[in-house]
Amino acid sequence: MKFDSEDKQKYFDQVVNKIKNGATHNYILTGKTGRGKTYLATEIAKQFNGRVMFVPELLSKMKQAMLKYNDYSPVRFVSKRTKPNVIVLDDFGGRKPTEWEIDQLFRILEYKKAIYIITTNLRSDELAELFGDRILSRVLENMDKTDVYKAQGNDRRLKMKF
Ligand SMILES: Nc1ncnc2c1ncn2[C@@H]1O[C@H](COP(=O)(O)OP(=O)(O)OP(=O)(O)O)[C@@H](O)[C@H]1O
Ligand SMILES: [Mg+2]
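My aim in this report is to walk through the structure given alongside it, one point at a time. (Residues numbered from 1 in each chain as written. Chains lettered and ligands numbered in written order. Predicted model: local features only at pLDDT ≥ 70, side-chain atom pairs only at ≥ 80, totals over all residues.)

The subject of this paragraph is the overall build of the chain. Along its length, the chain carries six helices and five strands. Since a compact globule built from 162 residues should have a radius of gyration of about 15 Å, the 16 Å found for the chain is in line with a globular shape. Each of the three principal axes of the chain carries a C-alpha extent, and together these read 50 × 40 × 25 Å. The 162 residues of the chain split such that 30% are buried. Contacts spanning at least 24 positions in sequence make up 85% of the contacts within the chain whose residues lie at least 6 apart. (Helix = DSSP H or I, 4+ residues; strand = E, 2+ residues; numbered from the N terminus. Rg over C-alpha atoms; globule rule 2.2 N^0.38 Å. Buried ≥ 20, exposed ≤ 12 C-beta atoms within 10 Å, placed from the backbone. Contact = placed C-beta atoms within 7 Å.)

Now for the site of ligand 1. With respect to spatial proximity, 15 residues lie near ligand 1, and among them Thr33, Gly36, Lys37, Thr38 and Tyr39 are the closest. Grouping the amino acids of the shell around ligand 1 by side-chain chemistry returns three nonpolar, six polar and six charged. (Near = placed C-beta within 6 Å. Nonpolar A, V, L, I, M, F, W, Y, C, P; charged D, E, K, R; others polar.)

Counting residues in hydrophobic clusters, the biggest one holds 34 residues, and the most contacted among them are Ala41, Ile87, Val88, Leu89, Tyr116, Ile117 and Ile118. Contact partners of Ile118, with chain neighbours within four places excluded, come to Asn26, Tyr27, Ile28, Leu89, Phe92 and Val139. (Core = buried A, V, L, I, M, F, W, Y, C linked by C-beta atoms within 7 Å.)

Moving on, we come to the pairing of strand S1 (residues 27–31). Of all five residues making up S1, four are buried, and the element is well covered by its neighbours. The pairing of S1 with strand S5 (residues 148–151) spans four bridges and is parallel. Looking across to S5, one finds that Thr30 is bridged to Lys150. (Pairing = 2+ DSSP bridges.)

Time to look at the pairing of strand S3 (residues 86–90). Counting buried positions along S3 gives five out of five residues, so the element sits mostly inside the fold. Alignment of S3 against strand S4 (residues 115–120), held across four bridges, turns out to be parallel. Looking across to S4, one finds that Val86 is bridged to Ile115. Of the crossover connections in this fold, the one passing from S3 over helix H4 (residues 99–110) to the parallel S4 is right-handed. (Right-handed = clockwise from strand over helix to strand, strands pointing away.)

It is worth spelling out the packing of helix H5 (residues 124–131) against helix H6 (residues 133–140) at this point. Helix-helix packing is described using two parameters, namely the angle between the two axes and the distance between the axes. It is the contact of H5 with H6, at a shortest axis distance of 7 Å, that shows an interaxial angle of 130°. Here H6 runs oblique to H5, going by the angle between their axes. Each of Ser124, Leu127, Ala128 and Phe131 in H5 lies in contact with H6, whose residues at this interface are Asp133, Ile135 and Leu136. Classifying every residue of the contact of H5 with H6 by side-chain character gives five nonpolar, one polar and one charged. (Axes fitted to C-alpha atoms, helices over the stretch in contact; angles between N-to-C directions. Parallel < 35°, antiparallel > 145°, perpendicular 65-115°, else oblique.)

Let's shift gears to the environment of Lys46. Among the structural elements, Lys46 can be located in helix H2 (residues 37–46). On the neighbour-count criterion, Lys46 (13 C-beta atoms within 10 Å) is partly exposed. Taking the C-alpha atoms as reference points, Lys46 and Ile87, 41 residues apart in sequence, are found 9.9 Å from one another.

Here we take up the environment of Met62. Mapped onto the elements of the fold, Met62 is located in helix H3 (residues 55–68). Look at Met62 and you get buried, because 21 C-beta atoms sit within 10 Å. Along the sequence, Met62 and Gln104 sit 42 residues apart, while their C-alpha atoms lie 8.1 Å from each other. With residues up to four places along the chain from it excluded, the contact list for Met62 reads Pro74, Phe77 and Gln104.

The structure is reproduced here in structure tokens:
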């Protein structure tokens, strides 16, 4: 088994199968720090030559591009010629976003040709509070309960606690 728990393996198999079968909605992995969300999301993306984007870094790259190019569009960062286009948006809501950042994320979520696997420490009500209902509504579009992974257990990084 690739993972440290059966529920992670089950979620991995389920998501990989759904994407292989043509599902186009998003996925969410939520929970406290160090529970293996980024690890699990990355393993799923790898099955499809997907990309992992650390959200704070993505936003800072977008800002640089916006200042540099007249024809700037955030969609450029997430488009891909081949399908499926699997993108991990890692650490969504790690910091309080600006209005401009919310708008960029809104525009990439509106781009329907990507499948986003979102990792976050926040719950849906906290996401709505920080980003607004319209972002949350797009993130959750066509998802069902089993597409949300709630990471449990202990912080793996604290194995060496002293
Ligand atoms: N199944 C696994 N096998 C081996 N290492 C793992 C596994 N799952 C997680 N890890 C390791 O445990 C650490 C924490 O995992 P990860 O970074 O995925 O946590 P996270 O839930 O994304 O935390 P945060 O909310 O702080 O971003 C990392 O060093 C990661 O490589
Ligand atoms: Mg993480």
